[in-house]
Amino acid sequence: MPAPDLPAPDLPALARAMQDILSEARDVPLQHFRSGLAVEAKADESPVTRADRAAETALRAAIAARFPDHAIYGEEFGGATGGEGPLWVIDPVDGTKSFISGHPLWGMLLGFLQGGKPVMGAVQMPVLREVALGAPGFGAFLNGAPIAVRQGVAPADAFVCVNELRRVLLADRAAGDALLHAGRYVRETVDCYTYVQLAAGWIDGVVDHGLEPYDYLPVLPLVEAAGGVMTDWQGNPLGFGSDGRVVAGSPAVHAHLLRVIAQSDL
């Protein structure tokens, strides 16, 4: 029996709540940034710090205070991902390696899903004092100003960012080599800010590898609201079961990047 239709969320109210939640938690990781804090290793060998756990705790508390009946799934403390009800997805410090090395381009990701589908997402950059937020049907904004993916750029002239290029090359050398020639400018990058750059129209495409749902589900609505397309490497919609390989861009550049990846396997 199909699940009943859920009422559409009030997007302006949801945006205000999301901004308030992020604002309340913003200073928590900043208190630890460039402080020489202790670093541990997770089971997957990625670093985890007190800042990650403290930031997620603060975000969870801010969400629970406003929406006590909503489910929460986060990088540090997990949570349920099934069900048709409202679900918040948290990455408290996206870019922990940047964080622990003193690099300022780490972010805090917050996404809202309903019925298993991403509705609204936000990227907060605490050091830059920027918040990019978006939802299809509502729009995309950077610090309150409307933003949009750059359109009309020919694939040959595109500025493409490849996140985690070393990881791409190790996992799929042919695809990595092909992506190095996928546009006029190809830059090796990391972490979440490349998706803000895409949504703001400063670059034209992003290819990523090895992501978890809390990495891509919060940025998906932002990219789509700005007029972009974001899928897995086969062009399939992203969800909790995706394999962590992501392509995003303007419609033309997204399609071009999918062709580049597909042709590398021939």
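Described in the following lines is the structure provided in the data block.

With 14 residues, helix H10 (residues 251-264) extends 20 Å from end C-alpha to end C-alpha; this agrees with the ideal 20 Å at 1.5 Å per step. Among the residues making up H10, those that are buried are Val253, His254, His256, Leu257, Leu258, Val260, Ile261 and Ser264. Tucked inside the fold, the buried residues of H10 contact strand S10 (159-163), helix H6 (173-179), strand S12 (205-208), strand S13 (229-232) and strand S14 (246-249).

Another aspect to go through is the sheet that holds S13. Backbone hydrogen bonds hold the strands of a sheet together, and the pairing may be parallel or antiparallel. With respect to topology, 5 strands assemble into an open sheet ordered S11-S10-S12-S14-S13, the strand pairing being mixed. Among the strands making up the open sheet, the edge pair consists of strand S11 (185-189) and S13. Strand-to-strand, the axes of this sheet are offset by a mean angle of 15°, without reference to chain direction. Along the sheet, H10 contacts S10, S12, S13 and S14; its crossing angle with S14, the most-contacted strand, is approximately 145°.

An order of S3-S4-S5-S6-S7-S8-S9 is seen for the 7 strands of this open sheet, with the pairing classed as mixed. Each edge of the open sheet is held by one strand with a lone partner, namely strand S3 (71-74) and strand S9 (145-146). Taken strand by strand, helix H1 (residues 11-25) contacts strand S4 (87-94), strand S5 (107-114), strand S6 (117-125) and strand S7 (130-135), and its axis lies near 35° from that of S6. The strands touched by helix H3 (residues 50-66) within the sheet are S3, S4 and S5, with S4 carrying the most contacts at an inclination of about 150°.

When a protein is soluble and globular, its nonpolar side chains tend to lie buried together. Counting 36 residues, the largest nonpolar core has Val123, Tyr195 and Met230 as the members making the most contacts within it. Those elements giving two or more residues to this core turn out to be S4, S5, S6, strand S8 (139-142), helix H7 (193-199), helix H8 (213-216), helix H9 (220-225) and S14. For Met230, the residues in contact, after removing those within four places along its chain, are Tyr195, Tyr216, Val219, Leu220, Val223, Leu238, Val246, Val247, Ala248 and His254. Within the second largest apolar cluster, 28 residues are counted, among which are Leu14, Met108, Ala122 and Val131.

Attention now goes to the side chain of Asp232. Note on placement: Asp232 falls in strand S13. At a separation of 2.7 Å, a polar atom in the side chain of Asp232 contacts the main-chain amide nitrogen of Asn236. What Asp232 contacts, discounting residues up to four positions off in sequence, is Leu238, Arg245, Val246, Val247 and Leu258.

Moving residue by residue along a regular strand, the side chains alternate between the two faces of the sheet. For S4, a buried count of 8 out of 8 residues is recorded, marking the element as mostly surrounded by other parts of the structure. Where S3 meets S4, 4 bridges bridge the pair, whose relative direction is parallel. Residue pairing in the sheet places Ala71 in a bridge with Leu87 of S4. The sheet contact formed by S4 and S5 spans 6 bridges and is antiparallel. Bridged to Asp94 within S5 is Gly107.

Conventions used here
Residues numbered from 1 in each chain as written. Predicted model: local features only at pLDDT ≥ 70, side-chain atom pairs only at ≥ 80, totals over all residues. Heavy atoms only, no water. Helix = DSSP H or I, 4+ residues; strand = E, 2+ residues; numbered from the N terminus. Expected span 1.5 Å × (residues − 1). Buried < 20%, exposed > 50% of the residue type's maximum accessible area, 1.4 Å probe, protein only. Contact = heavy atoms within 4.5 Å. Pairing = 2+ DSSP bridges. Axes fitted to C-alpha atoms, helices over the stretch in contact; angles between N-to-C directions. Core = buried A, V, L, I, M, F, W, Y, C linked by side-chain atoms within 4.5 Å. Polar contact = N/O pair within 3.5 Å; in protein donor to acceptor, adjacent residues only side chain to side chain.

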